[in-house]
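# Survey of secondary and tertiary structure
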Amino acid sequence: MADLIPFSAALRERSSSAHSSSERSGFMADLIEGAGTREDYIALAAQHWYIYEALESAAERMRRDPVASVFISDKLTRLPALEADLAFLLDADWRERISPLPTTRAYVERIRQVGATWPGGFVAHHYTRYLGDLSGGLFIGRLMARRFGFDTNGIGFYLFDEIADPRAFKEVYREQLDAAPWDADEQERVIDEVLRAYRFNTALFEDLAAAKADAVA
Ligand code: HEM
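Residues numbered from 1 in each chain as written. Predicted model: local features only at pLDDT ≥ 70, side-chain atom pairs only at ≥ 80, totals over all residues. Heavy atoms only, no water.

### Examining the overall build of the protein chain
What counts here: Elements are defined by DSSP. Helices are runs of H or I of four residues or more, strands are runs of E of two residues or more, and each kind is numbered from the N terminus. Note on method: radius of gyration uses C-alpha positions; expected globular size equals 2.2 Å times residues raised to 0.38. The cut-offs for exposure are 20% and 50% of the maximum accessible area for each residue type, with area from a 1.4 Å probe on protein chains only; residues under the lower value are buried, those over the upper are exposed, and the others partly exposed. The contact definition used throughout considers only heavy atoms, calling two residues in contact when any of these lie within 4.5 Å. Computed with a 1.4 Å probe, the accessible areas rest on the Shrake-Rupley method; for each residue, only the protein chains presented here act as cover.
Counting its regular elements, the protein chain contains 11 helices and zero strands. Helices and strands in the protein chain line up, N terminus first, as α-α-α-α-α-α-α-α-α-α-α. In terms of overall size, the protein chain behaves like a compact globule, its C-alpha atoms giving a radius of gyration of 17 Å where 217 residues would be expected to give roughly 17 Å. When its C-alpha atoms are laid out on the principal axes, the protein chain stretches across 50 × 30 × 30 Å. In the protein chain, which comprises 217 residues, the proportion classed as buried is 51%. At a minimum sequence separation of 6, the contacts of the protein chain that also span at least 24 residues come to 82%. Within the structure as shown, the protein chain displays about 10,900 Å² of accessible surface, and the carbon and sulfur contribution to it stands at 51%.

### Digging into the site of the ligand
Filter applied, for reference: Consider each residue's heavy atoms; a residue with any of them within 4 Å of a molecule or strand counts as near. Under the rule applied, a polar contact is a pair of N or O atoms within 3.5 Å (in protein, one hydrogen donor and one hydrogen acceptor; residues adjacent in sequence only if both atoms are side-chain atoms). Note on residue classes: Ala, Val, Leu, Ile, Met, Phe, Trp, Tyr, Cys and Pro are nonpolar, Asp, Glu, Lys and Arg are charged, and everything else, Gly too, is polar.
Lining the immediate environment of the ligand, one finds 20 residues, of which H19, Y127, G132, K170 and R174 sit closest. Between R12 and the ligand, the recorded distance is 3.4 Å, taken from a side-chain N or O atom to an oxygen atom. H19 places a polar side-chain atom, nitrogen or oxygen, 2.8 Å from a nitrogen atom of the ligand. Elements with a contribution of two residues or more to the shell around the ligand: α2 (16–24), α3 (26–33), α8 (119–133), α9 (136–148), α10 (166–179) and α11 (184–216). Sort the elements by how many residues they give to the shell around the ligand and α8 lands first, with five residues. The residue makeup of the shell around the ligand, split by class, is eight nonpolar, seven polar and five charged.

### Here's the deal with the packing of aromatic side chains
The following threshold applies: Planes of paired rings set the category: under 30 degrees apart is stacked, over 60 is edge-to-face and the rest tilted, where pairs are Phe, Tyr or Trp rings (Trp by its six-membered ring) whose centres lie within 6.5 Å.
Scanning the entire structure with this criterion turns up 14 aromatic pairs. Note on F7 and W182: the rings are 5.8 Å apart at their centroids and 80° apart in plane angle, and the pair reads as edge-to-face. Within this pair, whereas F7 is found in helix α1 (residues 7–14), its partner W182 is found in the loop between α10 and α11, the two being separated by 175 residues in sequence. Summarising the burial analysis for this pair, F7 and W182 share the class buried. With 6.5 Å between their ring centres and 5° between their planes, F71 and W182 make a pair best called stacked. Of this pair, F71 sits in the loop between α4 (38–62) and α5 (79–90) while W182 sits in the loop between α10 and α11; the two residues are 111 residues apart in sequence, bridging distant segments of the chain. Owing to a relative accessible area of 11%, W182 belongs among the buried residues under this scheme.

### Notes on the coordination of the iron atom of the ligand
To keep it simple, the criterion reads: Only nitrogen, oxygen and sulfur atoms count as donors, using a 2.8 Å cut-off from the metal that widens to 3.2 Å for Na, K and Ca. Water is left out, so coordination shells may look unfilled.
There is one protein donor for the iron atom of the ligand, namely H19 (NE2), at 2.0 Å. With respect to the secondary-structure elements, H19 resides in helix α2.

### So, the nonpolar core
What counts is decided by this rule: Here, the term nonpolar core denotes a set of buried Ala, Val, Leu, Ile, Met, Phe, Trp, Tyr and Cys residues that are joined through side-chain atoms within 4.5 Å.
One finds Y41, F122 and L177 to be the most contacted residues of the largest nonpolar core, which totals 68 residues. Not counting residues within four places of it along the chain, the set of residues in contact with F122 comprises L55, A58, A59, M62, A68, I72, V114 and G115.

Structure follows, in structure tokens:
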């Protein structure tokens, strides 16, 4: 079956129900549907900071890997935008005002682990975040800007200034996935790692909802 359907299509298909669970998670659904608050939006941005710090540090190491480096592009880098967003949303002392939730700690630990040892696993995490950011993320950014009155300050994370055509960028990314020299077993492992990445994202929304409920109680 390996050659009947391109790897990128198999990956998308095999992860589509994990995507739906993530997308429908209460915390995210509330933000999208207007029940989420500005504080919820900021709480999510703070967790993103830890995740992208890990992902983009791993990318620095993986630039030396012939397979993983193909996927790495400065155009995707999110950390400077996230830091500017947090400084705007929380103030200059934002670093002292944020802390990682339990799922974020575990997610970051996993990114660091595969980022140091396993190019395919790194690509799995890279794909799950950045292709998501270039898909639903763009829509979420526009929605949040409207809802909370952001212009560009506060939503820099969702603005990819250097990617004029996200659709074309994603097409090239998928071609690169299809061209990666992974045998069937490695492709399976990469898909499993993408599913793991989705589980982290869904669990993070659950942590955020729980933290919010604790704050209210
Ligand atoms: C309310 C939240 C979300 C919405 C509305 C949403 C929406 C979408 C849409 C419409 C696409 C298809 C774009 C296309 O075909 O080019 C997509 C793709 C994608 N999303 Fe999401 N998404 C959400 C949450 C997430 C989350 C939490 C993740 C994981 C971190 C994620 C990861 C992805 C990935 C990796 C793709 C690319 C799939 C592929 O083409 O291979 N999404 N999303």
